[in-house]
Amino acid sequence: MPAITASAPGKIILFGEHAVVYGQPAIAVPVHQVQARVVVKAQPGSAGINVLAPDISLSSTLAKLPLEDAVAKAIHLTLDSLGIKEPPACSLIISSTIPLAAGLGSGAAVSVAIIRALSGFMGHSLPDDTVNEIAFEVEKLHHGTPSGIDNTVITYGKPVYFIKGEEIKTIEISQPFTLVIGDTGIVTPTSETVGDVRRSYEAEPALFENYFKMCGMIATNAAISIQNSRIPSLGPLMNDNHDILSKMGVSNPELDRLVEAAQSAGALGAKLSGGGRGGNMIALVDSQSASAVESALIQAGASRTIISTVQ
Ligand code: PMV
């Protein structure tokens, strides 16, 4: 069997994080500058699958990994889906340039790359819908109630307008636009902020319903603006979305500082992205402001920046 390689991009949420868990629409886009990559190659004589991820010093076998390990789960579900009972004698090598636990979808991208590389190696490449379903099952290990937006945008590799449980809608970008992504360098598990939002929602349901609806309306207006090439109007929508997320309690001083730095340096708009209280923020820029915004973010303490064009 020839070696098979599969890659999957990172992702960033443009609008609607958290509210998406409660049925509101959200928009996410792939970030192709960062990628997860999986190579599966035959290892004659090996008893089953060797799993190697040199970046995180993982060297194990499928049999030794606990069933609740995300990599093991992606492999088991892929084999189950293909009806394969006996794991093949092979090595599965994982590498990724997607920062971990930073809202860039590293977990979902690794899952998608594993599912594609392993099913390809077995000679039965799985269709996107099945890849997406399996990656969603694995996402549930990271936090109990994922909306499914990460696995969806990463599986299809296109901007998506996503409503939990509804048919997937990809967004055609008629006018490309550029984001500067700034990392606070703070790692906060998504499960923590998702849990806190749930508790706040249970304590004050009417208030949080209202926040979720406002986020949903912003996401819908943003999708209309993108489709009609009204890119500058996304800026104020980002600022508004950030303010609501702050009220929901998922921003923090570091994110606020980066958002304000980007706005002052000429970004059209800026907001936190993903789970919050750390991880990344995004700023919408034009060709004049891109480098000034990037420098301002670094000056304001960003540990890393990525400039990504959505197209
Ligand atoms: O932190 P991220 O980018 O993986 O995104 C989490 C997005 C949430 O809406 C907060 C949770 C979810 O499952 O959609």
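To be clear, the structure that these remarks concern was listed above.
All of these numbers come straight from a predicted model, not from anything done at the bench. (Residues numbered from 1 in each chain as written. Predicted model: local features only at pLDDT ≥ 70, side-chain atom pairs only at ≥ 80, totals over all residues. Heavy atoms only, no water.)

Enquirer: Help me understand the environment of A26, please; the structure alone is not making it clear to me.
Expert: Within the secondary structure, A26 is located in strand β2 (residues 26-42). As a C-alpha pair, A26 and C215 span 189 residues in sequence and 8.2 Å in three-dimensional space. The residues touching A26, leaving out its near neighbours within four places in the chain, are F15, G16, V20, I149, V160, Y161, F162 and A219. (Helix = DSSP H or I, 4+ residues; strand = E, 2+ residues; numbered from the N terminus. Contact = heavy atoms within 4.5 Å.)

Enquirer: Just to check I follow, could you spell out the packing of aromatic side chains for this structure?
Expert: Each aromatic ring pair is specified by the distance between its two centres and by the angle formed by the two planes. For the structure on display, the rule yields five aromatic pairs. Centre to centre, the rings of Y22 and F212 are 4.2 Å apart; their planes meet at 10 degrees, and the pair counts as stacked. Placement of the pair is Y22 in the loop between β1 (4-15) and β2 and F212 in helix α6 (residues 205-227), with a sequence separation of 190 residues. For the ring pair F208 and Y211, a centre distance of 5.2 Å and an interplane angle of 80 degrees mean the geometry is edge-to-face. (Phe/Tyr/Trp six-rings, centres within 6.5 Å; stacked < 30°, edge-to-face > 60°.)

Enquirer: I tried to follow the side chain of D183 on my own but got confused; where do I start?
Expert: Summarising the element assignment, D183 is placed in strand β8 (residues 177-183). Classification of D183 by relative accessible area gives buried; the value is 4%. A distance of 2.6 Å separates the side chain of D183 from the side chain of R304, its partner in a polar contact. Residues within four places of D183 in sequence aside, it is in contact with A102, L258, G279, N280, A302, S303 and R304. (Buried < 20%, exposed > 50% of the residue type's maximum accessible area, 1.4 Å probe, protein only. Polar contact = N/O pair within 3.5 Å; in protein donor to acceptor, adjacent residues only side chain to side chain.)

Enquirer: What should I look at first to understand the site of the ligand in this one?
Expert: Taken together, the neighbourhood of the ligand is formed by 16 residues, with K11, H18, S147, T190 and G275 sitting nearest. Between the ligand and K11, the relevant distance is 2.7 Å, taken from an oxygen atom to a side-chain nitrogen or oxygen of the residue. Contact between the ligand and T190: an oxygen atom at 3.0 Å from a side-chain N or O atom of the residue. In the complex, 93% of the free accessible area of the ligand, which totals 380 Å², lies under the protein chains. (Near = heavy atom within 4 Å. Areas by Shrake-Rupley, 256 points an atom, 1.4 Å probe, with all protein chains shown as cover.)

Enquirer: Just checking my understanding: could you explain the pattern of salt bridges for this structure?
Expert: Where charged atoms of side chains with opposite charge meet at close range, the side chains can pair. In the structure shown here, the tally under the stated rule is seven salt bridges. Between D128 and R116 there is a salt bridge whose closest N-O contact spans 3.0 Å. Separated by twelve residues along the polypeptide, D128 in helix α3 (residues 128-142) and R116 in helix α2 (residues 106-121) bring together distant segments of the chain. Relative accessible area serves as the criterion here: at 32%, D128 is assigned to the partly exposed category. Two residues, R277 and D196, come together in a salt bridge whose shortest N-O distance is 2.8 Å. Here the residue R277 occupies a position in the loop between β9 (269-273) and β10 (280-285), and D196 occupies one in helix α5 (residues 190-203), the gap between them amounting to 81 residues. (Salt bridge = Lys/Arg side-chain N within 4 Å of Asp/Glu carboxyl O.)

Enquirer: Just to check I follow, could you spell out the sheet that holds β9 for this structure?
Expert: In sheet architecture, strand pairing relies on hydrogen bonds along the backbone and comes in two forms, parallel and antiparallel. Strands sit in the order β9-β10-β8-β11 across an open sheet of four strands; the sheet is antiparallel. The strands lining the two open edges of the sheet, one partner per strand, are β9 and β11 (304-310). Going from strand to strand, the sheet's axes swing by 25 degrees on average, the running direction of each strand aside. Across seven bridges, the pairing between β8 and β11 is antiparallel. Opposite D183, over in β11, you have R304 as the bridge partner. Packing of helix α7 (residues 234-247) onto the sheet brings it into contact with β8, β9 and β10, and relative to β9 it is tilted by some 40 degrees. (Pairing = 2+ DSSP bridges. Axes fitted to C-alpha atoms, helices over the stretch in contact; angles between N-to-C directions.)

Enquirer: What exactly am I supposed to notice about the layout of surface pockets here?
Expert: Empty space left among the atoms is revealed by rolling a probe the size of a water molecule over them. When its volume is computed, the second largest pocket comes out at roughly 240 Å³. Considering the residues around the second largest pocket, the lining is formed by 14 residues, among which N132, N151, T152, F162 and I168 are closest to the centre. Among the elements that make up the lining of the second largest pocket, the one with the highest residue count is α3 (four residues). The class makeup of the residues in the lining of the second largest pocket is four nonpolar, six polar and four charged. (1 Å grid on protein atoms, 1.4 Å probe; cavity = no way out; pocket = protein on both sides within 12 Å on 5 of 7 lines; lining within 4 Å. Points joined across faces, edges and corners; volume = space filled by probe spheres on them. Nonpolar A, V, L, I, M, F, W, Y, C, P; charged D, E, K, R; others polar.)

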